[in-house]
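Listed below are the residues making up each chain.
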Amino acid sequence: SLATSLVELPEEGNYAFLWSIGNGVCPMENDTVYLQRDSPGDAAILPEDLEICADSLSLSAGFIAKGLGHWSVLSGAGTFSNPDSVYTEIHQLEAGENLFQWEVSNGACISRDTIQVLSYEKPGPVNAGLNAEICGLLGALEAEIPETGSGIWLFDEAQASLSNPEDPFTEIEAYTEGNLHLIWQVSNGPCLLQDSVSLAFRMQPNADAGEDIVICA
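Let me begin by describing the structure that accompanies this report.

Calculation criteria
- Residues numbered from 1 in each chain as written.
- Predicted model: local features only at pLDDT ≥ 70, side-chain atom pairs only at ≥ 80, totals over all residues.
- Heavy atoms only, no water.
- Pairing = 2+ DSSP bridges.
- Helix = DSSP H or I, 4+ residues; strand = E, 2+ residues; numbered from the N terminus.
- Disulfide = S-S within 2.5 Å.
- Buried < 20%, exposed > 50% of the residue type's maximum accessible area, 1.4 Å probe, protein only.
- Core = buried A, V, L, I, M, F, W, Y, C linked by side-chain atoms within 4.5 Å.
- Contact = heavy atoms within 4.5 Å.
- Polar contact = N/O pair within 3.5 Å; in protein donor to acceptor, adjacent residues only side chain to side chain.

Pairing is antiparallel in the open sheet, where three strands are placed in the order β4-β7-β6. Both outer strands of the open sheet, β4 (57–60) and β6 (79–80), are each paired with one neighbouring strand and no more. Across four bridges, β4 lies against strand β7 (residues 87–91) in antiparallel orientation. Paired with Ser-58 across the two strands is Glu-89, which belongs to β7.

Given below as structure tokens:
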């Protein structure tokens, strides 16, 4: 008889409740309210956040046996190949942070999970320069300055030393005559590319023809 009452719905489905009110000899007034009970669908489950070296990727959410799923972009950018499928490809991501949501709904019951994808541009250009022969043990490297990312020289420190391994044009000093192989590695976040160069260090020869000779012939 209370205008507000707690109702228990025993199982999933649709219910109709009739509310009647009267006042003395006046006819009863009736109104009906309809309730729908939905059970929760499967939980929305996504993998851990990702860092990628591309502007597209494939994502797979947890399998759902109950409910309907849908992908959406919360921030950044991306185009879904199958926005209503557990498995989808995402294209045209922005460089930087992109936040995507997977939502599983069953009637009024909704479960959501998100994943952040950090997209990095391809580093480069990556050019270690030309192979060269050097007279002596001192020389200089000539890599191309990268427009995207930062570079570092990788080499055998037992064979030579560099003034600044992060300088494309750093000076190099070899410890002995011989061939030295160096790698110029350019990275941007987890993305890296490499190029190599070989230097041949040759010592200046000592020309010695011996003592002058006077002969009588």
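With the rule as written, the count across this model stands at one disulfide. Residue pairing for Cys-53: its cysteine sulfur links by disulfide to Cys-191, the two sulfurs lying 2.1 Å apart. Of note, the bridge from Cys-53 to Cys-191 carries an S-S torsion of about -105 degrees and is left-handed in sense. Residue Cys-53 is located in the loop between β3 (50–52) and β4, and its partner Cys-191 is located in strand β16 (residues 191–202); the two are separated by 138 residues in the primary sequence. On the basis of relative accessible area, Cys-53 is assigned to the partly exposed category, the value being 42%. You can call Cys-191 buried: its relative accessible area is 3%.

Okay, the nonpolar core next. Among the nonpolar cores identified, the biggest contains 17 residues, and Trp-153, Ile-172, Leu-182 and Leu-199 are the most heavily contacted of them. Looking at this core, the elements that each hand over two or more residues are β13 (160–162), β14 (171–174), β15 (178–188) and β16. Broken down by element, the residue count for this core peaks at four residues, all from β15. For Trp-153, the residues in contact, after removing those within four places along its chain, are Ala-128, Leu-141, Ala-143, Leu-162, Pro-165, Asp-167, Pro-168, Thr-170, Leu-182, Ile-183, Trp-184 and Val-197.

Turning next to the pairing of β16. Across four bridges, strand β10 (residues 132–135) lies against β16 in parallel orientation. Bridging across to β16, Cys-135 finds its partner in Arg-202. Two strands pair when backbone bridges link them, and β15 and β16 are joined in this way by eleven bridges, in the antiparallel orientation. Bridging from a neighbouring strand, Leu-182 pairs with Val-197 of β16. Between β15 and β16, which follow one another and run antiparallel, lie two residues, and Gly-189 among them has a positive phi close to 65 degrees.

Our focus in this paragraph is the environment of Asn-82. Inspection of the secondary structure puts Asn-82 in the loop between β6 and β7. Separated by eleven residues in the primary sequence, Asn-82 and Trp-71 have C-alpha atoms spaced 8.3 Å apart. Ignoring anything within four residues of it in the chain, the contact list for Asn-82 reads Trp-71, Tyr-87 and Thr-88. At 3.4 Å, the side chain of Asn-82 and the side chain of Ser-81 are in polar contact.

The next subject is the side chain of Ser-119. Looking at where Ser-119 falls in the secondary structure, it is placed in strand β9 (residues 109–119). On the basis of relative accessible area, Ser-119 is assigned to the buried category, the value being 6%. Reaching out from Ser-119, the side chain makes a polar contact with the backbone oxygen of Ala-54 at a distance of 2.5 Å. Setting aside anything within four residues of it in sequence, one finds Ser-119 in contact with Ile-52, Ala-54, Asp-55, Leu-93, Glu-94, Ala-95, Gly-96 and Asn-98.

Let's shift gears to unusual backbone geometry. Between Gly-124 and Pro-125 the backbone carries a cis peptide bond, its omega angle lying at 0 degrees. The backbone phi angle of Gln-92 is positive, close to 60 degrees, even though this residue is not glycine. Its place among the elements puts Gln-92 in the loop between β7 and β8 (96–106).

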